[in-house]
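Chain by chain, the residues:
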Amino acid sequence: MKKVLTNYRYYLLALLAVLTVLGIFSEPAEELPMLTWLWALFTSKAVGFGAGYVYYRLYTRWEKRNSIPELVKFNDEF
């Protein structure tokens, strides 16, 4: 358990996962003008999918290097 708490990679992956969920599922306020609303919508989706892509790349890289064995083991058992 101590390995999980002291490994910065888990915190970074958790942050990226939160950014992904918030970016993909967020919606701008309805009071905004149409163009501003569309810009905010597309920007939030781009941030969400970008964070998801970075998460995927880091996860696969660290999985190959065996830097996050507890998370890999958890995903394999799940």
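Note that the structure is predicted; figures quoted are calculated from it, not measured.

1. Concerning the overall build of the protein chain
Point 1. Along the protein chain, the regular secondary structure elements total four helices and zero strands.
Point 2. Going residue by residue from the N terminus, the α and β elements of the protein chain occur as α-α-α-α.
Point 3. C-alpha extents for the protein chain along the principal axes are approximately 50 × 20 × 20 Å.
Point 4. Split into buried and exposed, the 78 residues of the protein chain put 26% on the buried side.
Point 5. Considering only residue pairs separated by 6 or more positions, the protein chain has 58% of its internal contacts joining residues 24 or more positions apart.
Point 6. As displayed, the protein chain offers around 6,200 Å² of accessible surface, 68% of which is attributable to carbon and sulfur atoms.

2. Some remarks on the confidence of the model for the protein chain
Point 1. In the predicted model, the protein chain carries a mean pLDDT of 93, and the fraction of residues at 70 or more is 97%.
Point 2. Per-residue pLDDT, averaged within each element of the protein chain, yields its smallest value for helix α1 (residues 2-6) (75) and its largest for helix α3 (residues 34-64) (97).

3. A short note on the environment of V47
Point 1. With respect to the secondary-structure elements, V47 resides in helix α3.
Point 2. Residues V47 and A29, spaced 18 residues apart in sequence, show a C-alpha to C-alpha distance of 17 Å.

4. Describing a positive patch on the surface
Point 1. Among the surface-exposed residues, R57, R61, K64 and R65 lie close enough to one another that they form a single positively charged patch.
Point 2. Here R57 is to be found in helix α3.
Point 3. By relative accessible area, which is 48% here, R57 ends up partly exposed.

5. Examining the nonpolar core
Point 1. Counting 10 residues, the largest nonpolar core consists of Y10, L13, L16, A51, L58, Y59, W62, I68, L71 and V72.
Point 2. Of all elements in the fold, only α2 (8-25), α3 and α4 (69-77) reach the threshold of two or more residues within this core.
Point 3. Examining the composition of this core, we find that four residues originate from one element, α3, more than from any other.

Each value, and the rule that gives it
- Residues numbered from 1 in each chain as written.
- Predicted model: local features only at pLDDT ≥ 70, side-chain atom pairs only at ≥ 80, totals over all residues.
- Heavy atoms only, no water.
- Helix = DSSP H or I, 4+ residues; strand = E, 2+ residues; numbered from the N terminus.
- Buried < 20%, exposed > 50% of the residue type's maximum accessible area, 1.4 Å probe, protein only.
- Contact = heavy atoms within 4.5 Å.
- Areas by Shrake-Rupley, 256 points an atom, 1.4 Å probe, with all protein chains shown as cover.
- pLDDT = per-residue confidence, 0-100.
- Patch = residues over 30% accessible without salt bridge, like charges linked within 9 Å, V, L, I, M, F, W, Y side chains within 5 Å.
- Salt bridge = Lys/Arg side-chain N within 4 Å of Asp/Glu carboxyl O.
- Lys, Arg positive; Asp, Glu negative; His and termini not counted.
- Charge placed at Lys NZ, Arg CZ, Asp CG, Glu CD.
- Core = buried A, V, L, I, M, F, W, Y, C linked by side-chain atoms within 4.5 Å.

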